[in-house]
Each structure stands twice: as structure tokens, then as C-alpha cells.
Amino acid sequence: MSSVSRLVSSVCKKIIKPYSPTPISLRCHKLSYLDQMVGGIYLPLALFYPKLSNTWSNKPNNVVSQHLEKSLSKVLTNYYPFAGKLNDNISIDCNDSGVEFFITKINCPMSEIFNHPYFEKHNLVYPTEVINNQYTYEGSLAVFQLTHFSCGGIAISMCLSHKVGDGYTFGNFMNHWATIARNPLSSEIYPISPKFDGSFYFPPTKDEDSSNVSNNNIMPQREECVSKGFSISSSKLTALKARVINESKVQNPSDTEVVSAFLYQRAMATKKLVNSSSIRPSLLHQAVNLRPPLPKHTMGNIGSLFSILTKEEKEMDLAQVVSKLRKEKEEVKQKYKNAKIEELLPITLEQYRKANDLLVNNSCYDLYRFSSLITFPSYDVDFGWGKPEKVISPLSTSNPPIKNMFVLMDDKNRDGVNLTCSMKKQDMLAFERDEELLRFASPTS
């Protein structure tokens, strides 16, 4: 038993089922083509609450657990596919079999988890079997864990099969759950009531071809990497934006554009130092949420992506990278803006094909993947005892982490950016010591 796992003193498992049975008409949830494309990896998210509000601080652990279990049961009525069973790569049998809910106690204060230099100890707040088998887990499609720390704080984590939804689906679910928990007797309607109608916009392939779609999935291969967290404050973010505005025609760069470009630039620069050579040609893949133009209430995998290519050192300039990102993003938005429903899937597949062709035709290039949850209300998830002090983003705790993966999120104050990144160990050692990176980004773990 490792020194980390010895900190866990008890584990209890329950099955939580939807409060109301799923209607017969909704029992078979067809996967969309994009659902079929993604791998079956489980996306993890954890929210940390160091101190519960006065109303909750003196209540026994079992009362906190019951509060979450009851509200989870109610919200699963709206998110019924989460409590079902995957039928090959075709559909989900929404049979109300339920989701797994674990309760654990950890014999250390929450600060010990936060202060760990890498993300190993963060895995304690996730169900062990899921986090150790994220690509092969065969339990429920959504798995939850409530963790009690010796300091009195708690963490609430969720692992969601990518087959059921993306980061947007994740965020919407957590806020919907929290709304019900805060107002258990209220008939308040959550502003974005979910609809699992992705197959209407992205029709699935024929049953006999579904396995071929999965075999060509868009999830990256696993490699031995390490993950670390950084933060960019409001003032540092403003300084980076000012540099871009002064040196390019992009006059309103977004947080995602500036931070993605900056990290990509520093990753390429430090990789050059590791190899003691000229710049390695590189690709940046940026995931894009398609809500809008699609409705905000559409759950599932509703996204696309675009890529930029960097071949020479003169193209590494921050303002130039931001300009490229803006140009590609605007072109993608234009493609979808006036698209008819039957055109959505061909456009999306063409985007993936272009990105894949760039990689296949340039197999020696380094690939950097970026996903942004900036503007997602992760820090608004209040179950009744206050908002979280810290949110750990999806894929930052992937086991093993995905190489050259960057996930961006708002910080708690909504004016800076928290990020997690994973790289091969030798690349991370150079990256985390890069003087230019550390001028603007501070390690958080």
C-alpha cells in the first residue's frame, strides 16, 4: 500500500437511482455520431469546500451525505442517461440502474492535498477504480465521491463517461444538482433544462458500422506524463493582452486566445531547450463548444475543433500566434453560423479530418491540445454550504495524463485563469522552470 493510499481510512459505496422512473419513450438514448467518435474515457472533476457554512459546520457526516444523495437522485431524473447502461457503441439503455456514490474519509487536512507538488494526491478524492482505469472502467456511466477531510472540509468529485457528454454537459449537471440541493422544497426550474437530442444534429452511423467509428476515436493515446497546475492573475493576464494588442490587429483578444497562445509558445520554446536544437514544428488543437449555434440545453458531445501549424521560430511570436488562433476561430464560426441541420455533421467531420491530416502528414510534429472551460460556472456550484474554494479541471488527473494537454478555467474571482497541463517528465522540468512562463504564471501545486 502506498503512503498516499494509507491516508484513506474508510470507503462506503451506494447506488443512487433517479427519483422518478424514466418514461418508456426515453428508455433508448441513441448516441450521436460525435458520441460514437469519442473514446470511453471518464472525465474527472472535483470541487473542494474547506469550510462549510455555519448552518452545516456542526452537522454529522451522514447528514451531509444524505443531503447530496437525495438531491442527486432528483437531478438524475433530468439526466437519465447517466443512470443507464451503454449498449455497445450504439445507444444507452436508460433503465434507471443508477450511479455509484462513494463516501470516504481521509486522514489529513485538505491543505496537504493542495500543497502536493504534482497531482498524485488529488486522485484520493476520486473513486479509486475509476481513476485507475479511466479508459476501461465498466461501472456506472457517472460515478461520484464525497470525501471528508480531518480538517472538516469536504470534496465532491464526479467522473463522467465521455460517451454521455462533454465538459459543458458536466458543468451544467453540477450546477443543476447544486440548485436542487440548495432548494430541496422549491419548484424552481433550472434555467438550462437538459435535452439529450444530440443525435438529431449529428445522426449516428448505422449499427453495423458503430464499432468502426469507435476504433477511429478522437481521444489521444496514453503516455507516461506528469501534471501540474499554474495560475495567471488578473494583472498578468492584462499585461499579456496589452502585448498582443500593441503588436497585432487583434484588439479584443479573449482570455482563452491569449493564455493558449502563451502556453503554446512557452512549451515550444522549452522543448527546443530540452533537445538543444532549433524549434520543433508544432500543432495546436483547440476544442470548440458549438452552443451556440446549437441550443444551450442540448447535452452530449457537441463540439468541434480547429488547428494552427507552427514551423519556424519567427512564427512563435505571441501576437502572431493569437492572430492565427483568431483567424481560424472566425473561419470555423462562419462555417457553422448559417449551416443547415443536415450540414452540421459534414462540417464537423471536415474539421476533424483537416486536423487529423495535418498530424498524419507531419507525424514528427509535436501536438499540443487545448480545452477551455473559461466562462463555465464551475465556481458557482453551491450545494447549500457556500461556493468551492478550488475546482480541479477535467483530464488534469487522467491516469496516466494525456501528453501536452492544457485545460484552462476561470479562477475563483473570475478575473484570472487557472490551468493544468501534462507533459513528459523531462519536458515538464524545463517548462516549469522557464523564466518567461514564471513572469506571468505561478505554480499552484
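Each remark here, short or long, concerns the structure printed above.
The shown structure was predicted, so the numbers you read here are calculated from the model rather than taken from an experiment. (Residues numbered from 1 in each chain as written. Predicted model: local features only at pLDDT ≥ 70, side-chain atom pairs only at ≥ 80, totals over all residues. Heavy atoms only, no water.)

**Quick word on the packing of aromatic side chains**
Per the counting criterion, the structure on display carries 24 aromatic pairs. Between the aromatic rings of Phe200 and Tyr201, the centroid separation amounts to 5.0 Å while the plane-to-plane angle is 80°, which identifies the pairing as edge-to-face. By relative accessible area, which is 12% here, Tyr201 ends up buried. Three or more aromatic residues link up through ring pairs in this structure, and these residues are Tyr49, Trp56, Tyr79, Tyr80, Phe82, Phe144, Phe173, Trp177, Phe196, Phe383 and Trp385. Its end group placed over the ring of Trp56, Lys59 keeps NZ or CZ at 4.4 Å from the ring centre. For the cation-ring pair, Lys74 lies above Tyr19, with the distance from its terminal atom to the ring centre recorded as 5.9 Å. (Phe/Tyr/Trp six-rings, centres within 6.5 Å; stacked < 30°, edge-to-face > 60°. Buried < 20%, exposed > 50% of the residue type's maximum accessible area, 1.4 Å probe, protein only. Lys NZ or Arg CZ within 6 Å of the ring centre and 35° of its normal.)

**Topic: the nonpolar core**
Residues Phe48, Leu72, Phe82, Phe173, Trp177, Phe383 and Trp385 are the most contacted members of the largest nonpolar core, which totals 74 residues. When residues of this core are assigned to their parent elements, the largest contribution, 8 residues, is made by helix H6 (residues 167–182). Here this core spans two domains, and each of domain 1 (3–209) and domain 2 (224–444) adds at least three residues to it. Apart from the residues lying within four places of it in its own chain, the contact partners of Trp177 are Leu68, Ser71, Leu72, Val75, Phe144, Ile156 and Phe383. Counting residues in hydrophobic clusters, the runner-up holds 55 residues, among them Ala261, Val321, Cys421 and Ala441. (Core = buried A, V, L, I, M, F, W, Y, C linked by side-chain atoms within 4.5 Å. Helix = DSSP H or I, 4+ residues; strand = E, 2+ residues; numbered from the N terminus. Domains from an automatic or database assignment. Contact = heavy atoms within 4.5 Å.)

**Focus on the packing of helix H9 (residues 234–247) against helix H11 (residues 318–337)**
Working note: a packed helix pair is described by the angle between its axes plus the distance between those axes. Axis separation between H9 and H11 bottoms out at 9 Å; the angle between their running directions is 80°. In terms of their interaxial angle, H9 and H11 are classed as roughly perpendicular. Contact residues: Leu240, Arg243, Val244 and Glu247 in H9; Leu318, Ala319 and Val322 in H11. Along the lines of polarity and charge, the residues of the contact of H9 with H11 split into 5 nonpolar, no polar and 2 charged. (Axes fitted to C-alpha atoms, helices over the stretch in contact; angles between N-to-C directions. Parallel < 35°, antiparallel > 145°, perpendicular 65-115°, else oblique. Nonpolar A, V, L, I, M, F, W, Y, C, P; charged D, E, K, R; others polar.)

**Quick look at H9**
Over its 14 residues, H9 extends 20 Å from the first C-alpha to the last, a length consistent with the 20 Å expected when each residue adds 1.5 Å. Considered for burial, the residues of H9 that qualify are Leu237, Leu240 and Val244. Take H9 and look down its axis: the buried residues cluster within an arc of 65°, on one side only. Exposed and oriented more than 90 degrees from the buried face of H9 are Ser235 and Asn246. (Expected span 1.5 Å × (residues − 1). Arc of directions from axis to C-beta.)

**Thoughts on the environment of Cys108**
Take Cys108: it is sitting in the loop between strand S6 (99–106) and helix H4 (110–114). When the C-alpha positions of Cys108 and Ser150 are compared, they lie 5.3 Å apart, and in sequence the two are 42 residues distant. Discounting residues that sit within four places of it in the chain, Cys108 has contacts with Leu7, Ile113, Phe149, Ser150 and Cys151.

**Digging into the pattern of salt bridges**
Across all of its chains, the model carries 23 salt bridges by this definition. Arg27 is paired through a salt bridge with Asp93; the nearest N and O atoms lie 3.9 Å apart. On the criterion of sequence distance, the pair formed by Arg27 in the loop between strand S1 (8–16) and strand S2 (28–30) and Asp93 in strand S5 (residues 91–93) is long-range, its members being 66 residues apart. When its relative accessible area of 33% is taken as the criterion, Asp93 is described as partly exposed. Where Glu350 meets Arg353, a salt bridge forms, and the shortest distance between an N and an O atom there is 2.6 Å. Taken together, the positions of Glu350 and Arg353, both in helix H12 (residues 341–361) and 3 residues apart, correspond to about one turn of that helix. (Salt bridge = Lys/Arg side-chain N within 4 Å of Asp/Glu carboxyl O.)

**What to know about the environment of Leu318**
Topologically, Leu318 is positioned in helix H11. A residue is classified by how much of its surface remains accessible, and Leu318, at 1% relative accessible area, is buried. C-alpha separation for the pair Leu318 and Phe262, spaced 56 residues apart in sequence, amounts to 6.2 Å.

**Some details on the environment of Lys335**
Within the fold, Lys335 resides in helix H11. In this structure the C-alpha to C-alpha distance between Lys335 and Thr348, which are 13 residues apart in sequence, comes to 9.5 Å. Excluding anything up to four places from it in sequence, Lys335 contacts Ile347, Gln351 and Lys354.

**Examining unusual backbone geometry**
Cis geometry is adopted by the peptide bond preceding Pro292, which originates at Arg291 and carries an omega value of -10°. With respect to the helices and strands, Pro292 occurs in the loop between strand S10 (282–289) and strand S11 (303–310). Each neighbour pair has its own omega, and for Pro292 with Pro293 the value is 15°, a cis peptide bond. Within the secondary structure, Pro293 sits in the loop between S10 and S11. Non-glycine residue Thr375 carries a positive phi angle of around 85°. In this structure, Thr375 sits in the loop between strand S12 (366–372) and strand S13 (390–392). Despite not being glycine, Arg414 shows a phi value in the positive range, around 65°. With respect to the helices and strands, Arg414 occurs in the loop between strand S14 (405–410) and strand S15 (417–423). Classification of Arg414 by relative accessible area gives partly exposed; the value is 38%.

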